[in-house]
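A structural walkthrough
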Amino acid sequence: MTPQSQSHDESRPGRERPARLSVDLATPEPIPAEGIRAAAALMESGALFRYAEIDEIGSPVAALESEFGTRVGRRYAVAVNSCGAALYMGLHCLDVGPTEAVLLNSWTLAPVPGAVAHVGAKPVFVETGEDLTIDLNDLRVRAAEYQGSVLLLSHMRGHIANMTEVTAICHEHGLRLVEDCAHSLGGTWDGQATGTFGEVGCFSTQTYKHLNSGEGGLLVTDDEEIAARAILASGSYRLHAQHTSRPPLDRFEPFLDQEPNHSMRMNAIAAAVLLPQLPLLEDRISRWRMLYDRLARGLRDIEGIRLPRRDGREHFVGSSLQFWVTGSDHAGIARFCTVADELGVHVKWFGAHRPAGFTSNYRSWSYASASNLPRTDTLLAGLCDLRLPLALDEAGCDHVVEILGYALQEARATPKHPGEIHEEGTT
Ligand SMILES: Cc1ncc(COP(=O)(O)O)c(C=O)c1O
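Residues numbered from 1 in each chain as written. Predicted model: local features only at pLDDT ≥ 70, side-chain atom pairs only at ≥ 80, totals over all residues. Heavy atoms only, no water.

Here's the deal with the nonpolar core
- Core analysis: the largest hydrophobic core is formed by 60 residues, its most contacted members being Phe68, Leu299, Phe323, Phe336, Val345, Val347 and Leu404.
- Examining the composition of this core, we find that nine residues originate from one element, helix H12 (residues 394-413), more than from any other.
- The contact partners of Leu404, leaving out residues within four places of it in the chain, are Leu299, Ile305, Phe323, Phe336, Ala340, Val345, Val347 and Leu386. (Core = buried A, V, L, I, M, F, W, Y, C linked by side-chain atoms within 4.5 Å. Buried < 20%, exposed > 50% of the residue type's maximum accessible area, 1.4 Å probe, protein only. Helix = DSSP H or I, 4+ residues; strand = E, 2+ residues; numbered from the N terminus. Contact = heavy atoms within 4.5 Å.)

Okay, structure coming up:
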């Protein structure tokens, strides 16, 4: 992107200031009544721990693991207390140790390099491509440099890379793949579900994800040893037989005294709240896609907004939408976000000097000592993000488009302060 004039385009008809959006874009879906009833019954019983000490009672966590694994298409699922914990567990079960390198796509969220730091390894960031997925050319270079290491790949904000290419590169260079599917539950590449390409797939059930238990995560795998170790490491004590999604008991034997208990189990309430959401997933995904498409259609018509290209083989879950503000400098984009915010549309901006709320810019994680990633810097400088709650409808999408068009017009009409410089590429 190059710095461009901030003057208001006089040829465009001026947009009227729209009404404030009444829907809060951070509104989660309510918990289904069945989940509320199940959680209340558990609270009445007090049996919130996932395991039974003496008489085995059907645990909602075990039921969730079995159903979730089947839904994703993997043999085993292990429920933990966050996706970050699942990512850590995946790296731990692949024996990633201190000082080793783990490759990551550079556009990701803080818990991902955090999981790498948790095993004591060193995150090595790979550049981001124009479609917001991992840059395959840079991945080839890094994979050759770090043969035999692990690639921890985030399908960030639901953007699914060309997994045919990614898995071929992994194969060629002996990289083991862990998928971070925090934003891609139900998403597929060329018909294959995310979470089934790597040795391990990790999912989040934090409130703003596709299933909501406040906090929670699931690790999926087809590998018996990884599954046995993850169950023990998650904190099963000697109660692992109570898992229904597990390898045969003899597969646990070699690890019983070897596997440290990391105490990251999911509790029964979280699972009880999640179980009745599983059958709703397909409907939620199609509603998100409808909202995404509606919003995308409207935004494409606004000069100064550009949307990422999406590959026809990518079946994504549109629970958020990303776009670039083009032709505006740093101050212009800041003004755009402020005006949109005043009108009830909270835009997250990955190029802001100081990250607000969450961090998704590799420069915010100085413990990782990343080298410069100029292409990622350029992409993040103007990149913005909106949550798409299912509480929004098509008219709401049109309203958001109107607000963003107006905010852009206002940002462009605001005179530049003397001495203000273009600062893309900084955080
Ligand atoms: C891309 C990505 N990966 C991993 C995580 C971690 O999920 P959790 O909050 O469940 O630890 C998040 C959280 O939002 C995320 O956005």
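Some thoughts on the pattern of salt bridges
- Under the defined criterion, the tally for this structure stands at 23 salt bridges.
- A salt bridge links Glu130 to Arg306, with the nearest nitrogen and oxygen atoms 3.7 Å apart. In this pair, Glu130 sits in the loop between strand E3 (122-126) and helix H5 (136-145) while Arg306 sits in strand E10 (residues 305-306), placing the two residues 176 residues apart along the sequence.
- Of the residues examined, Arg306 reaches a relative accessible area of 35% and is grouped as partly exposed.
- Ionic pairing is found between Glu259 and Arg229, a salt bridge with its closest N-O pair at 2.6 Å. On the criterion of sequence distance, the pair formed by Glu259 in the loop between helix H7 (224-235) and helix H8 (268-274) and Arg229 in helix H7 is long-range, its members being 30 residues apart. In terms of burial, Glu259 and Arg229 fall into one category: buried. (Salt bridge = Lys/Arg side-chain N within 4 Å of Asp/Glu carboxyl O.)

Let's talk about the site of the ligand
- The full set close to the ligand counts 14 residues, and Gly84, Asp180, His183, Ser204 and Lys209 are the nearest of them.
- Between the ligand and Gly84 there is a distance of 2.9 Å, counted from an oxygen atom to a backbone nitrogen or oxygen.
- For the ligand, whose free accessible area comes to 390 Å², the fraction covered by protein is 93%.
- Going through the elements one at a time, helix H3 (83-93) and helix H4 (111-118) are the ones with two or more residues in the shell around the ligand.
- When grouped by side-chain class, the residues that make up the shell around the ligand number six nonpolar, six polar and two charged. (Near = heavy atom within 4 Å. Polar contact = N/O pair within 3.5 Å; in protein donor to acceptor, adjacent residues only side chain to side chain. Areas by Shrake-Rupley, 256 points an atom, 1.4 Å probe, with all protein chains shown as cover. Nonpolar A, V, L, I, M, F, W, Y, C, P; charged D, E, K, R; others polar.)

Considering the side chain of Asn162
- Within the fold, Asn162 resides in the loop between strand E4 (150-154) and helix H6 (163-173).
- The class for Asn162 is buried, based on a relative accessible area of 18%.
- In this structure the side chain of Asn162 is engaged in a polar contact, spanning 3.1 Å, whose partner is the backbone nitrogen of Thr164.
- Among the polar contacts made by the side chain of Asn162, one reaches the main-chain amide nitrogen of Glu165 at a distance of 3.1 Å.
- Not counting residues within four places of it along the chain, the set of residues in contact with Asn162 comprises Leu136, Trp189 and Arg313.

Regarding the sheet that holds strand E6 (residues 188-189)
- If you trace the three strands from one edge of the open sheet to the other, you get E7-E6-E11, paired in antiparallel fashion. The strands lining the two open edges of the sheet, one partner per strand, are strand E7 (192-193) and strand E11 (314-315).
- As paired strands, E6 and E7 are joined by two bridges and run antiparallel to one another. Bridge pairing in E7 links Trp189 to Gln192. (Pairing = 2+ DSSP bridges.)

Comments concerning the packing of H5 against H6
- Orientation of H5 relative to H6, taken along the N-to-C sense of each, is 15°, at an axis distance of 10 Å. Considering the angle they form, H5 stands roughly parallel to H6. At the point where H5 passes H6, the crossing takes the right-handed sense. Of the residues in H6, those in contact with Leu136, Leu139, Arg140, Ala143 and Ala144 of H5 are Glu165, Val166, Ile169 and His173. (Axes fitted to C-alpha atoms, helices over the stretch in contact; angles between N-to-C directions. Parallel < 35°, antiparallel > 145°, perpendicular 65-115°, else oblique. Left-handed = near helix turned anticlockwise from the far one by under 90°.)

Quick look at the side chain of His399
- Its location among the elements puts His399 in helix H12.
- The exposure class of His399 is buried, given its relative accessible area of 19%.
- From its side chain, His399 meets the backbone oxygen of Ala19 in a polar contact 2.7 Å long.
- Setting aside anything within four residues of it in sequence, one finds His399 in contact with Pro18, Ala19, Arg20 and Leu21.

Focus: H4
- Among the residues making up H4, those that are buried are Val112, Pro113, Ala115 and Val116. Looking straight down H4, one finds that the buried residues subtend no more than 150° of arc, so they occupy a single side.
- Where H4 is buried, its residues contact H3, strand E2 (101-105), E3, E4 and strand E5 (176-180).
- Phi for Gly120, located one or two positions after H4, is positive at around 80°. (Arc of directions from axis to C-beta.)

Observations regarding H5
- Every buried residue of H5 is accounted for by Asp138, Leu139, Arg142 and Ala143. On an axial view of H5, the arc spanned by its buried residues comes to 135°, and they lie on one face. Exposed residues pointing more than 90 degrees away from the buried face of H5 are listed as Asn137 and Val141.
- Elements in contact with the buried residues of H5: E2, E3, E4 and H6.
- Sitting at the amino-terminal end of H5 is Asp135, which places a side-chain oxygen 3.0 Å from the backbone nitrogen of Asn137.

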